[in-house]
Amino acid sequence: MKQRSVIITQHAKLSYSANSMVVQTMMDINYVPIDDIYLIIVQTTRAVLTTELINQISQHQIKLVFTDSSGQPICETVNYYSNNQTVSTLTSQVNWDTGQKETLWTQLVKTKIQNQITNLKTHDLEYKDLNKQLDAVKSNDSTNREAVVARSYFVRLFGETFVRKQETPINAALNYGYSIILAEINRNIVANGYTPTIGIHHHREDNHFNFGSDLIEPFRPIIDDWISNQKFYEFTSDIKFGLVRLLSAEVRYQGRSMYLNNAVTQYVMDCVKFLNGKKRDDNY
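Below: a short report on this structure. The shown structure was predicted, so the numbers you read here are calculated from the model rather than taken from an experiment.

If you tally the helices and strands in the chain, you get 10 helices and 10 strands. The C-alpha atoms of the chain give a radius of gyration of 19 Å, which matches the 19 Å a tight globule of 284 residues would have. Taken along its principal axes, the extent of the C-alpha atoms in the chain is 55 × 50 × 35 Å. For the chain, buried positions account for 48% of its 284 residues. Expressed as a percentage of contacts within the chain between residues at least 6 apart in sequence, the contacts between residues at least 24 apart total 63%. On the chain, the mean spot of the 29 positive side-chain charges and the mean spot of the 29 negative ones are 2 Å from each other.

See the structure below:
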C-alpha cells in the first residue's frame, strides 16, 4: 500500500516526470515516486503545480490538500470519477437500506465514545459516568448521547476552561488533525467508487463530505489523544508535521496492528461492504 505523505512548506514548483512528482525549490530538486504517495499537503500559497501533475494525482487517487495563509486546510481535490465508480455503485449508495445505515451509525457512535473513554482512562481522568452514557446509546443515537459525552469529554481532557469553538492553538490543532484524517477517508471513499457527498447520518446541503463526516467519528479521539500529550502555546509547523505523521502511526483495527492510513483503507472498505449487505456482524 502507499506509504508516503508529502508536505510542501516553501516556495516550490511541483511537476511530473518519469512516474515521479518533481519538487523543485530554490535549493534543490527532489523526485518522489508517484506510486508511493497517498497524500500531498500544500502548506504555502507560493507553490506552483503543473496541470500534468494534477492529472497524475487524480489518476493515482492521491489526495491533494491546500491550506490557507494561517495553515488550516481550506480545500481538497475530489475526483469526478474513480476507476471503480459506476452507475450501479452510486445507485446502491443512494438506496442503502435505512436499517443498515442506522445500525452502522449506532456502532460508529459507540466506538467513538469507547475511544473517548479510553483516552480519559489513559490520562487517569474521571470516566465511569460516561460508561452509563455509552450504555444509553439507542438505535441511530436517537437521544444524541454523542453530544452529551462530548460536552464532558473535552473539558476533562483539556481543562475546565476549554471551549471547543474558541480560536485557540488547541482547537486549531484539533481542526487540522481532523481535516487530515477526513481527507484520507474521502480519498478511500472515492477510490471505492462512492461519493463523499451522500452520507448515512450527515446530510447538510453545504457539506460536500457528508459520508466522510460520518466515517471519521471513531478516529477523532486519536487526534484528541495526541494533542493532549503535547505541550504547546502556538500552532507551529512541528505540530502540523506531527499530526500528518499520525497517519503512519500504528493502531489496532479488527484485532490487527497496522498503520493508521492502512486501517482507514480497510475500514472504509468494511463500512461500504456492510452497507451493501455483505457484512452484518462486524464491529467498526
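Let us look at the nonpolar core. In this structure, I185, L215, I227 and L243 are the most contacted members of the largest nonpolar core, which totals 61 residues. With 11 residues, helix α6 (residues 169-191) is the largest single contributor of residues to this core. If near-sequence neighbours (up to four positions away) are discounted, L215 is found in contact with L108, I185, I189, Y267, V268 and C271. Counting residues in each nonpolar core, the second largest holds 16 residues, with I8, I37, I40 and I62 among its members.

Attention shifts here to the packing of helix α4 (residues 128-135) against helix α5 (residues 145-158). Between α4 and α5, the least distance of the axes is 10 Å, while the angle of their chain directions is 165 degrees. Between α4 and α5, the angle is such that the two are roughly antiparallel. With respect to the hand of their crossing, α4 and α5 are arranged in left-handed fashion. Residues D129, L130 and Q133 of α4 touch α5, and the partners they reach there are R145, V148, V149, S152 and R156. Its residues assigned to classes, the contact of α4 with α5 shows three nonpolar, two polar and three charged.

Next up on the list: the pairing of strand β9 (residues 250-253). On β9, burial follows the alternation: V251 and Y253 on one face are buried, whereas E250 and R252 on the facing-out side are not. Sheet analysis places β9 next to strand β10 (residues 256-259), joined by four bridges and oriented antiparallel. Bridge pairing links R252 to S257 in β10. Between the antiparallel neighbours β9 and β10 lie two residues, among them Q254 with a positive phi of about 50 degrees.

Attention now goes to the sheet that holds strand β7 (residues 63-67). Pairing is mixed across the open sheet formed by four strands, whose spatial order is β1-β5-β7-β8. Each edge of the sheet is formed by a strand with only one pairing partner; in this case those strands are β1 (4-8) and β8 (73-76). Pairs of neighbouring strands in the sheet enclose a mean axial angle of 20 degrees, with direction left out of account. Pairing analysis gives three bridges linking β7 to β8, with the strands arranged antiparallel. Its bridge partner lying in β8, V65 is registered against E76.

Turning our attention to the packing of α5 against helix α8 (residues 220-228). Two numbers describe how α5 lies on α8: the axes approach to 10 Å, and their chain directions differ by 25 degrees. The angle between the axes of α5 and α8 places the two elements in the roughly parallel class. Two secondary-structure elements touch here, α5 through Y153, F154, L157 and F158 and α8 through P221, D224, I227 and S228. For the contact of α5 with α8, a count of residues per class yields six nonpolar, one polar and one charged.

A separate point is the environment of Q3. Within the element layout of this structure, Q3 appears in the segment before β1. Counting along the chain gives 187 residues from Q3 to V190, while the straight-line C-alpha distance between them is 18 Å. When residues no more than four places from it in sequence are discounted, the contact partners of Q3 are D36, Y38, S248, Y259, N261 and N262.

The tally for this structure, following the rule as stated, stands at seven salt bridges. Among the salt bridges present, the one from E217 reaches K112, with a minimum N-O distance of 2.8 Å. In this pair, E217 is assigned in the loop between α7 (210-215) and α8 and K112 in helix α3 (residues 98-122), connecting sequence segments 105 residues apart. Taken individually, E217 and K112 each receive the classification buried, so the pair is uniform in this respect. With its nearest N and O atoms 2.8 Å apart, the salt bridge here joins D129 to R156. Of this pair, D129 sits in helix α4 while R156 sits in helix α5; the two residues are 27 residues apart in sequence, bridging distant segments of the chain.

Basis of the calculations
- Residues numbered from 1 in each chain as written.
- Predicted model: local features only at pLDDT ≥ 70, side-chain atom pairs only at ≥ 80, totals over all residues.
- Heavy atoms only, no water.
- Helix = DSSP H or I, 4+ residues; strand = E, 2+ residues; numbered from the N terminus.
- Rg over C-alpha atoms; globule rule 2.2 N^0.38 Å.
- Buried < 20%, exposed > 50% of the residue type's maximum accessible area, 1.4 Å probe, protein only.
- Contact = heavy atoms within 4.5 Å.
- Lys, Arg positive; Asp, Glu negative; His and termini not counted.
- Charge placed at Lys NZ, Arg CZ, Asp CG, Glu CD.
- Core = buried A, V, L, I, M, F, W, Y, C linked by side-chain atoms within 4.5 Å.
- Axes fitted to C-alpha atoms, helices over the stretch in contact; angles between N-to-C directions.
- Parallel < 35°, antiparallel > 145°, perpendicular 65-115°, else oblique.
- Left-handed = near helix turned anticlockwise from the far one by under 90°.
- Nonpolar A, V, L, I, M, F, W, Y, C, P; charged D, E, K, R; others polar.
- Pairing = 2+ DSSP bridges.
- Salt bridge = Lys/Arg side-chain N within 4 Å of Asp/Glu carboxyl O.

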